[in-house]
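A structural walkthrough
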Amino acid sequence: MTESGAQSGPTALRIILGAHLRRMREAAGISRSDAGWEIRSSESKVSRMELGRVGFKERDVGDLLTLYGLDDGEERERLMALARDANNPGWWHRFGDVLPSWFHSYLGLEAAAQLIRTYELQFVPGLLQTPEYVRAVVQLGRGLIPAEEVERRVALRVSRQEVLHRTPTPVRLWAVVDESVLRRPIGGVKAMRIQLEALLEATHMPNVTLQVMPFESGGHAATGGAYSILRFPEQDLPDIVYIEHLTSALYLDKLEDLDQYTATMEALCVAAPPPNKTRDHLYRILKDFDD
């Protein structure tokens, strides 16, 4: 179990602590209803705590540990420290004015991930976007946005990309992008050329794998659209499938969902040309933008 929230982020820590509390409750043979009564709350509140979807009051955690019969002082203090870390706001808290409430959870999981596999058919993956590209994306379909807000959104996206460069364990990113993503000149031809050059640089990073699904490949397995699969170093955290919508997002962690989305991702990686062909493909597209 993670000892500090510095790397894992509050979202991951809440999930870890919640899963631990659930196992302790079940081992003690106590219902969620009785646990809720103990902390002056409801069964649904306990359920949300165990799923890591709400913050933890230290008093509630302490009362639950007592109810579950934990008498190991060292273990108790470790779990209480975990509860405190889980309540610390993530670095993205300062961008709350331009950040949808439903996206907070994803940023916490992204910060905690060891491996992110993603399929994109509309945009360049967020962790690989250039500031020029981000600037164009955030203005799509939103009308006139104040310049200050645009730059705040750009700064948020750039800050997210630090997970690719963190030490000693940068996140590993494996992305499959549809060729249409690379040929759609979002932000104009100049911005797209800069973006393609940045992708070429990214292919040299040891923790980044990029594949392009070319037009000539025809149909493929990912008929449902873009999605990501996040994997974590902590054993208490299952893989999570993330699917983003216009005003909300889905987080899937049931085994049957994970199996289906993982199999689809594997099929995409097999259907697309291997990563060692990606630079050639990027150079060809870049040359087309020069013509």
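Use the structure listed above.
Every value quoted in this text rests on a predicted model; they were computed, and no experiment measured them. (Residues numbered from 1 in each chain as written. Predicted model: local features only at pLDDT ≥ 70, side-chain atom pairs only at ≥ 80, totals over all residues. Heavy atoms only, no water.)

Glancing now at the overall build of the chain. In terms of regular secondary structure, the chain is built from 12 helices and 6 strands. When each of the 291 residues of the chain is scored for burial, the buried share is 49%. (Helix = DSSP H or I, 4+ residues; strand = E, 2+ residues; numbered from the N terminus. Buried < 20%, exposed > 50% of the residue type's maximum accessible area, 1.4 Å probe, protein only.)

Let us now look at helix α5 (residues 73-86). Between its first and last C-alpha, α5 extends 20 Å over 14 residues, near the 20 Å set by a 1.5 Å rise per residue. Glu-75, Leu-79, Met-80, Leu-82, Ala-83, Asp-85 and Ala-86 are the residues of α5 that are buried. A side-chain oxygen of the first residue of α5 lies 3.0 Å from the backbone nitrogen of Glu-74; this N-cap is Asp-72. (Expected span 1.5 Å × (residues − 1). Polar contact = N/O pair within 3.5 Å; in protein donor to acceptor, adjacent residues only side chain to side chain.)

What follows concerns the sheet that holds strand β5 (residues 240-244). With mixed pairing, 6 strands are arranged side by side in an open sheet as β3-β2-β1-β4-β5-β6. Each of the sheet's edge strands pairs with one partner strand only, and the pair in question is β3 (208-213) and β6 (249-252). Within this sheet the neighbouring strands show an average axis-to-axis angle of 15 degrees, counted without direction. Pairing between β5 and β6: 4 bridges, direction antiparallel. If you follow Val-241 over to β6, its bridge partner there is Leu-252. (Pairing = 2+ DSSP bridges. Axes fitted to C-alpha atoms, helices over the stretch in contact; angles between N-to-C directions.)

Next up on the list: the packing of helix α4 (residues 58-67) against α5. Axis separation between α4 and α5 bottoms out at 10 Å; the angle between their running directions is 150 degrees. Taken as axis vectors, α4 and α5 run roughly antiparallel relative to one another. Where α4 crosses over α5, the handedness of that crossing is right-handed. Packed against α4, whose contacting residues are Glu-58, Val-61, Gly-62, Leu-65 and Thr-66, the element α5 presents Arg-76, Leu-79, Met-80, Ala-83 and Arg-84 at the interface. Grouping the constituent residues of the contact of α4 with α5 by class yields 5 nonpolar, 2 polar and 3 charged. (Parallel < 35°, antiparallel > 145°, perpendicular 65-115°, else oblique. Left-handed = near helix turned anticlockwise from the far one by under 90°. Contact = heavy atoms within 4.5 Å. Nonpolar A, V, L, I, M, F, W, Y, C, P; charged D, E, K, R; others polar.)

Turning next to the pattern of salt bridges. Opposite charge on two side chains permits them to pair, given that their charged atoms come into close proximity. In this structure the tally under the stated criterion is 18 salt bridges. Between Arg-84 and Glu-77 there is a salt bridge, with the nearest N and O atoms lying 2.7 Å from each other. The residue Asp-239 makes a salt bridge to Arg-231 at a minimum N-O spacing of 2.7 Å. Linked by salt bridges that have partners in common, Arg-25, Arg-32 and Glu-50 make up one network. (Salt bridge = Lys/Arg side-chain N within 4 Å of Asp/Glu carboxyl O.)

Before going further, it helps to spend a moment on the side chain of Gln-211. With respect to the helices and strands, Gln-211 occurs in strand β3. Given the relative accessible area of 1%, Gln-211 is considered buried. Of note is the side chain of Gln-211, whose polar atom sits 2.9 Å from the side chain of Trp-174. Only 3.0 Å separates the side chain of Gln-211 from the backbone oxygen of Pro-273, close enough to count as a polar contact. In contact with Gln-211, other than residues within four places in its own chain, are Trp-174, Ala-175, Val-176, Val-177, Cys-269, Ala-272, Pro-273, Pro-274, Pro-275 and Thr-278.

So, on to the packing of helix α7 (residues 131-138) against helix α8 (residues 147-160). Interaxial distance between α7 and α8 falls to 9 Å at its minimum, and their mutual angle equals 130 degrees. With respect to α8, the element α7 is oriented oblique. Between α7 and α8 lies a crossing whose hand is right-handed. Residues Pro-131, Val-134, Arg-135 and Val-138 of α7 touch α8, and the partners they reach there are Val-150, Glu-151, Arg-153, Val-154, Arg-157 and Val-158. When the residues that make up the contact of α7 with α8 are grouped by side-chain class, the tally is 6 nonpolar, no polar and 4 charged.

Here the focus is the side chain of Thr-209. Following the sequence through the fold, Thr-209 ends up in strand β3. For Thr-209, a relative accessible area of 14% gives the class buried. Those residues within four positions of Thr-209 in sequence are excluded, and the remaining contacts are Arg-172, Leu-173, Trp-174, Ala-175 and Pro-275.

At the junction of Thr-167 and Pro-168, the peptide bond is cis and its omega measures out at 0 degrees in the coordinates. Note on placement: Pro-168 falls in the loop between α8 and β2 (172-178).

A few words now on the pairing of strand β1 (residues 115-120). Most of β1 sits out of view: 6 of its 6 residues are buried. A two-sided burial pattern is seen for β1, the buried positions comprising Leu-115, Arg-117 and Tyr-119 on one face and Ile-116, Thr-118 and Glu-120 on the other. In terms of strand pairing, β1 meets β2 through 6 bridges, oriented parallel. Looking at the pairing, Glu-120 lines up with Val-177 of β2. Direction of pairing for β1 relative to strand β4 (residues 227-231): antiparallel, over a ladder of 5 bridges. Directly across from Leu-115, in β4, lies its bridge partner Arg-231.

Function cannot be read off these values alone, since they describe shape.
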